[in-house]
Amino acid sequence: MAHVIEIASTGRAKCRGCDERIAAGVLRFGERLPNPFAEGEMTHWFHLDCAAFKRPEPFLETLQARGEPLEDSERLESEARRGIAHRRLPRINGGERASSGRAECRSCHVTIEKGAWRLALVYYEDGRFAPSGFIHARCAQAYFETTDVLGRIRRFSPKLGDEDLRGLQAELERRQDPPLTG
């Protein structure tokens, strides 16, 4: 079951990372997994960026085994290595303003205020990404051990404009104050 990097022959497949269609003629990553419903295997398709961000281990393995050079391979390899070094980075599924004041931060366990910047998280289990809550943007350093996450947020939140991204970057740099101890 070797994973593959190949050109998409049609535009029918959806990326498992961002849920957008992969256009015909574009390079894509295919993660081959055992089929839980029948004999054989199945292939989950990803844009190359989405694979580097969300499935760094199999993507890096496939990238290194690839015989021919790949355009932008240094950046993709660097992003995949960062995802391995910071084990929680592949959980990022975008950034947004909190729509209510009900979600609790998975890092500091404090309620995320309505309108505050938050980062959506997902877990990868059994070949699927499952929603797993949110963290305050300012908790990124404590949760991910880095604040260099804007590229991933931009990828998985394409509707955010430049002004939104600047505000989100400012919040990432603000960082969470450590809890007071009595």
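Right above here is the structure, for reference.
Fair warning: this is a prediction, and the values are worked out from it, not measured in the lab.

A.B. asks: Please give an account of the sheet that holds strand β5 (residues 117–125) that cites residues and values.
C.D. replies: Spatial strand order, β4-β5-β6: three strands in an open sheet with antiparallel pairing. Strands at the two margins of the open sheet, each flanked by one partner only, are β4 (92–97) and β6 (128–136). Averaged over all pairs of adjacent strands, the angle between their axes in this sheet comes to 25°, without regard to strand direction. In terms of strand pairing, β4 meets β5 through four bridges, oriented antiparallel. Note that in β5 the partner of Ile 92 across the bridge is Leu 121.

A.B. asks: Go over the sheet that holds strand β2 (residues 27–34) with me, naming the residues and quoting the values.
C.D. replies: Across the sheet, which stays open at both edges, the three strands sit in the order β1-β2-β3 with antiparallel pairing between neighbours. Looking along the sheet, the strands with just one partner apiece sit at the ends: β1 (4–7) and β3 (41–47). Pairs of neighbouring strands in the sheet enclose a mean axial angle of 35°, with direction left out of account. Two elements, β1 and β2, share four bridges in a ladder whose sense is antiparallel. Considered in β2, the bridge of Glu 6 is made with Arg 28.

Rules used in this analysis
- Residues numbered from 1 in each chain as written.
- Predicted model: local features only at pLDDT ≥ 70, side-chain atom pairs only at ≥ 80, totals over all residues.
- Heavy atoms only, no water.
- Pairing = 2+ DSSP bridges.
- Helix = DSSP H or I, 4+ residues; strand = E, 2+ residues; numbered from the N terminus.
- Axes fitted to C-alpha atoms, helices over the stretch in contact; angles between N-to-C directions.

What is shown is where atoms sit, not what they do.
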